[in-house]
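# What the coordinates show
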Amino acid sequence: MHTMMARCVVFSCVLLSGLCTLTHAAEQTITRTVENFTLGMPKEQAFAVLLAGLKQQHLTLVDQAQTPSPELMQRLEPNPMDAVGQPWVAPQSADVLSTLNALLFDAQEFKDPVVNIALAAQVEQSLAWSSPTAQSMYLVLYQSKVFGIFVVPRAAYEIMKHDVFATYGPSQASIYHKSYGFAFVQGDQWRDANTMLTLTVDNGLFYVDRALYTRLKAEAAGMGRHMP
C-alpha cells in the first residue's frame, strides 16, 4: 500500500514538473534586444549603438552612397549627444504606417491614408545596415524611442521558422492581410505582455514594443475621429 502511494506521489510530481515546463515554454519572454538595439531604447542611445557598431566594423550601412560611414563618424566628435541630427534617418515616407500595418496589425486605425500622412511626421525609419547575422536591419522610431526592429536574417526562412517555433512555441496568430496600397503579407505572430514578434514568409522578423504601439494606435484613432 505504501509502495503504491509512493509511486503515485512520484508520478504526480513528474506530471506537475512536465506541466510547469510546458507552461514556461508557452510563456517564454520574447526577446527585446537585437544586435544591442532594444525596444523602447531612447533614440540617442540607439544612435550611439549604431555608431559604435560602425566604428568596430561590426555593422555596415547597406546603402553606403546615401550616407557614407565617415560622415556619420564625424558626427561623434566632439560631442556624441550632439550627433542626434538626422544623418541616420531614412528619407521620410507617408507610407511608413501603411507598411507597418501590412506587416503587423491590419488595424482599421491605420488604413486611412489621411491619418497615415498626418502621423508620418512622428514616425521615423532609420537607414538600414547589415551585420554578421543580418542581411539588413533597421529601426522604426516613435516618440524618440525604438518602436520596432526589422531584421532580414542571413539564415534561411526554414531555419528561422524552426528556431522561432522552438523558442516561443506554436504561433499565436497567422497573418494574411494587406494595408492601404500594399500587397498581401503572410506570416506568424507571437506576443507577450510587452512585445510583439512577426515572422513573414519572405523571412522578415519584426519586433515591436506593445506599449508604444498602443500609444500610436490611440493617436491614430483620435485623429480619425476628428477627420471630416
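Here we summarise the structure given alongside this text. (Residues numbered from 1 in each chain as written. Predicted model: local features only at pLDDT ≥ 70, side-chain atom pairs only at ≥ 80, totals over all residues. Heavy atoms only, no water.)

## Some words on the pattern of salt bridges
What counts here: We define a salt bridge as a contact between a side-chain nitrogen of Lys or Arg and a carboxyl oxygen of Asp or Glu at a distance within 4 Å. Secondary structure follows DSSP: runs of H or I at least 4 residues long count as helices, runs of E at least 2 residues long count as strands, and numbering of each begins at the N terminus. For every residue, the accessible area (1.4 Å probe, protein chains only) is compared with the maximum for its type, and the residue is labelled buried under 20%, exposed over 50%, or partly exposed between those bounds.
By the definition in use, this model includes two salt bridges. The salt bridge involving Arg32 is made with Asp209; its shortest N-O contact spans 2.5 Å. Linking Arg32 in the loop between helix H1 (2–26) and strand E1 (33–34) with Asp209 in strand E11 (residues 205–209), this pair joins segments that are 177 residues apart in sequence. Since its relative accessible area comes to 23%, Arg32 is described here as partly exposed.

## Details of the nonpolar core
Put simply, the rule is: By nonpolar core we mean a set of buried residues, namely Ala, Val, Leu, Ile, Met, Phe, Trp, Tyr and Cys, connected to one another through side-chain atoms within 4.5 Å.
Core analysis: the largest hydrophobic core is formed by 33 residues, its most contacted members being Phe37 and Ile149. Of all the secondary-structure elements, those providing two or more residues to this core are helix H2 (43–55), strand E6 (134–142), strand E7 (145–153), helix H6 (157–168), strand E10 (195–200) and E11. The leading source of residues in this core is H2, at six residues.

## Structural notes on the pairing of E6
Regular strands have side chains that alternate between both faces of the sheet. Our working rule: Strands pair, by our definition, only if DSSP identifies at least two bridges between them.
Within E6, eight of the nine residues are buried, which leaves the element mostly enclosed by the surrounding structure. Two strands pair when backbone bridges link them, and strand E4 (residues 123–125) and E6 are joined in this way by three bridges, in the antiparallel orientation. What sits directly across from Glu124, in E6, is Leu141. The pairing of E6 with E7 spans eight bridges and is antiparallel. Residue pairing in the sheet places Tyr138 in a bridge with Phe150 of E7. Remark: two residues form the turn of the hairpin made by E6 and E7, two consecutive strands paired antiparallel; Gln143 in that turn has positive phi of roughly 55°.

## Examining unusual backbone geometry
Positive phi outside glycine occurs at Ser144, with the angle close to 60°. As for its placement among the helices and strands, Ser144 is situated in the loop between E6 and E7. By relative accessible area, which is 44% here, Ser144 ends up partly exposed. You will see that Asn203, though not glycine, has its phi angle at about 70°, which is positive. Owing to a relative accessible area of 8%, Asn203 belongs among the buried residues under this scheme.

## Quick word on the environment of Val164
Where we set the bar: Residues count as neighbours in contact if any of their non-hydrogen atoms are within 4.5 Å of one another.
The topology assignment puts Val164 in helix H6. By relative accessible area, Val164 is classed as buried at 7%. A C-alpha to C-alpha distance of 9.8 Å links Val164 and Ile30, two positions 134 residues apart in sequence. Not counting residues within four places of it along the chain, the set of residues in contact with Val164 comprises Gly169, Trp190, Leu197, Leu199 and Leu205.

So, to be careful, I would describe these as geometric facts and stop short of saying anything about function.
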